[in-house]
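# Descriptive analysis of the structure
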There are 2 protein chains.
Amino acid sequence: MKLSKKGEYALRALIDLGIAAEVGRSLVQVSELAEKERIPVKFLEQIMQLLKEEGFVVSQRGKFGGYRLARPAAKITVGSVVRIIDGPLAPIGCVSHTAYEKCSCPDEVHCGLRMLMLDVRNAIAGILDRYSLADVVEVTLRKMRRDEVPLPFSDSLVPGRAARRITFRSPLRSDLKPVEGILSNLFPDYSI
Amino acid sequence: MKLSKKGEYALRALIDLGIAAEVGRSLVQVSELAEKERIPVKFLEQIMQLLKEEGFVVSQRGKFGGYRLARPAAKITVGSVVRIIDGPLAPIGCVSHTAYEKCSCPDEVHCGLRMLMLDVRNAIAGILDRYSLADVVEVTLRKMRRDEVPLPFSDSLVPGRAARRITFRSPLRSDLKPVEGILSNLFPDYSI
DNA sequence: GTTAAACCCTACTAGATCACTCTGGTTTAA
DNA sequence: TTAAACCAGAGTGATCTAGTAGGGTTTAAC
């Protein structure tokens, strides 16, 4: 049930770009992202390239160039990123919504394993398709500000002062049931 | 987020052994399991060996030998099987309960990705650790009987007549919150 | 006591994937 | 002109995947 390093790094970088945007930095260089997250630069460079091809980020070439999110963080779900990098969320092909594949079992309709794995895939997708980068950025910044940790990517000396735009939650999709978990618990209050 | 073929085959075989026990068959041969599930015999043989080493099944050697579950199906959770075959359920090491591994990120406490992935791991474990083979066997048999499909592994000619023991649900653990999904919906009624 | 049917054990392997590294481009601001 | 950045593609060792191959050992039945 693993997320690959590539997928992990991609999400880390995108979340960082989301934080950067929130804090007033329009462009971040690969080298800075790589250093902050302790990712091999050249490897991350490849990943950023892929994220650009897929329309998640845009780049500015040349000196003082860098990357930024191609659209608001609220419009990029975590699930869409994971699917691009690591493929379908479903544990087995016969329960995938985006890449269904007939399995070898003789009777898919009466396959208990399939029902179980469908539940698993729905649980995973229920989280990853519900939350956007903006949600992750929001909980991260919230926790950091509460603990008075200096925010990353701040140009200004006073963390969190410059260009603190209000993050808006990604629109809740009516076809998804509510989930409970750390993230959703973090939203109503600051209890954690 | 994949389950390997090996993991899939292992679960299929175990579920079949659960069905067989429920239907009155004490021993099933690898060849029969392999044929039913369309798994390469020699590959499944290996897997059964592993399942034996791990204490999920016991074998009877010699002619008319075979395999059976080493303990009641209700005492074998799906999660325990997946962990043995495919490793930890958590998408990334830093949220694994059974195989925690420090990740490369600079500040684990304020890592939004980690919080998100912890939710995912809890969602997965919430399902796979909750349900036992007995649960999967039960929904399978229920669906089959409802649709009047002949039950597999029946020695008797009248499906479902011989030795229909009552399956007992695995004890609900109080530390796990209820989940919704196909399986739990299937239990209270026959609606699907 | 032979035989056939079953499990048991070990080795091997082609191909894919993973997690990078290496080598050089090309673009752009100063 | 130069330096800092992105762009592009090839290569690579290790590991994993999904098996295959070839036997050996045990047991029930004849």
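Keep in mind that what you see is a predicted model, and the values were worked out from it rather than measured.

With that out of the way, let us pick up the interface of chain B and chain A. The interface is formed by 44 residues belonging to chain B together with 44 residues belonging to chain A. Put simply, the parts of the chain that give the side of chain B that touches chain A at least two residues each are α1 (5–23), α2 (30–37), α5 (112–128), α6 (133–146) and α7 (182–186) of chain B. Of the residues forming the side of chain B that touches chain A, the biggest block, 12 residues, is contributed by α5(B).

Residue and element names in this part refer to chain A. Its identity as a non-glycine residue notwithstanding, F64 has a phi of 60°, on the positive side. With respect to the helices and strands, the residue F64 is situated in the loop between β1 (57–60) and β2 (66–69). Taking the C-beta count within 10 Å as the criterion, F64 has 7 such neighbours and is therefore assigned exposed. In this structure, E148 takes a positive phi of about 55° despite not being glycine. Relative to the assigned elements, E148 resides in the loop between α6 (133–146) and α7 (182–186). By the C-beta count within 10 Å, which is 8 here, E148 ends up exposed.

A separate point is the protein's contact with DNA strand C. Taken together, 26 residues lie near DNA strand C, and A:S4, A:K5, A:P40, A:G62 and B:S59 sit nearest. When residues in the surface near DNA strand C are grouped by element, the largest group, 4 residues, is from helix α3 (residues 41–53) of chain B. Its residues assigned to classes, the surface near DNA strand C shows 6 nonpolar, 11 polar and 9 charged.

What follows concerns the protein's contact with DNA strand D. Among the 25 residues in the neighbourhood of DNA strand D, the closest are listed as A:V30, B:S4, B:K5, B:P40 and B:G62. For the surface near DNA strand D, the residue count by class is 6 nonpolar, 10 polar and 9 charged.

Right, let's get into the packing of helix α1 (residues 5–23) of chain A against helix α2 (residues 30–37) of chain A. All names here are of chain A. The geometry of α1 relative to α2 is characterised by a closest axis approach of 10 Å and an angle of 115° between their N-to-C directions. As the angle between them shows, α1 and α2 are arranged roughly perpendicular. Note on packing geometry: the crossing formed by α1 with α2 is right-handed. Contacts between α1 and α2 involve Y9, R12, A13 and D16 from the former and L33, K36 and E37 from the latter. Residues belonging to the contact of α1 with α2 are distributed by class as follows: 3 nonpolar, no polar and 4 charged.

It is worth spelling out the packing of α1(B) against α3(B) at this point. Residues and elements named next belong to chain B. Across the interface, α1 lies against α3 with an axial gap of 10 Å and an inter-helix angle of 75°. When the axes of α1 and α3 are compared, the pair comes out roughly perpendicular. Two secondary-structure elements touch here, α1 through K6, Y9, A10, A13 and L14 and α3 through L44, I47, M48 and L51. For the contact of α1 with α3, the residue count by class is 8 nonpolar, no polar and 1 charged.

Let us now look at the pairing of strand β2 (residues 66–69) of chain B. All names here are of chain B. Pairing geometry for strand β1 (residues 57–60) and β2, over 4 bridges, is antiparallel. Bridging from a neighbouring strand, V57 pairs with L69 of β2. Between β1 and β2, which pair antiparallel in sequence order, lie 5 residues; one of them, G62, sits at a positive phi of approximately 80°.

We now examine the nonpolar core. Among soluble globular proteins, nonpolar side chains are generally buried collectively. Of all hydrophobic cores here, the largest spans 120 residues; its most connected members are A:L14, A:I124, B:L14 and B:I124. If we skip the residues at most four places from it in the chain, A:I124 touches A:L89, B:M1, B:V120, B:A123 and B:I124.

Superposing chain B onto chain A takes a rotation of 180° combined with a translation of 0.0 Å along the rotation axis, leaving an RMSD of 0.0 Å. Both copies of the chain, as the preceding transformation shows, are related through a two-fold rotation axis. Of every C-alpha in chain B, the one belonging to B:M1 sits nearest the axis of rotation, 2.0 Å from it. Comparing interface residues between copies, 100% of those in chain B also sit at the interface in chain A, which points to an isologous, same-surface contact.

How each quantity is defined
Residues numbered from 1 in each chain as written. Chains lettered and ligands numbered in written order. Predicted model: local features only at pLDDT ≥ 70, side-chain atom pairs only at ≥ 80, totals over all residues. Contact = placed C-beta atoms within 7 Å. Helix = DSSP H or I, 4+ residues; strand = E, 2+ residues; numbered from the N terminus. Buried ≥ 20, exposed ≤ 12 C-beta atoms within 10 Å, placed from the backbone. Near = placed C-beta within 6 Å. Nonpolar A, V, L, I, M, F, W, Y, C, P; charged D, E, K, R; others polar. Axes fitted to C-alpha atoms, helices over the stretch in contact; angles between N-to-C directions. Parallel < 35°, antiparallel > 145°, perpendicular 65-115°, else oblique. Left-handed = near helix turned anticlockwise from the far one by under 90°. Pairing = 2+ DSSP bridges. Core = buried A, V, L, I, M, F, W, Y, C linked by C-beta atoms within 7 Å. Least-squares fit on C-alpha atoms with pLDDT ≥ 70 in both.

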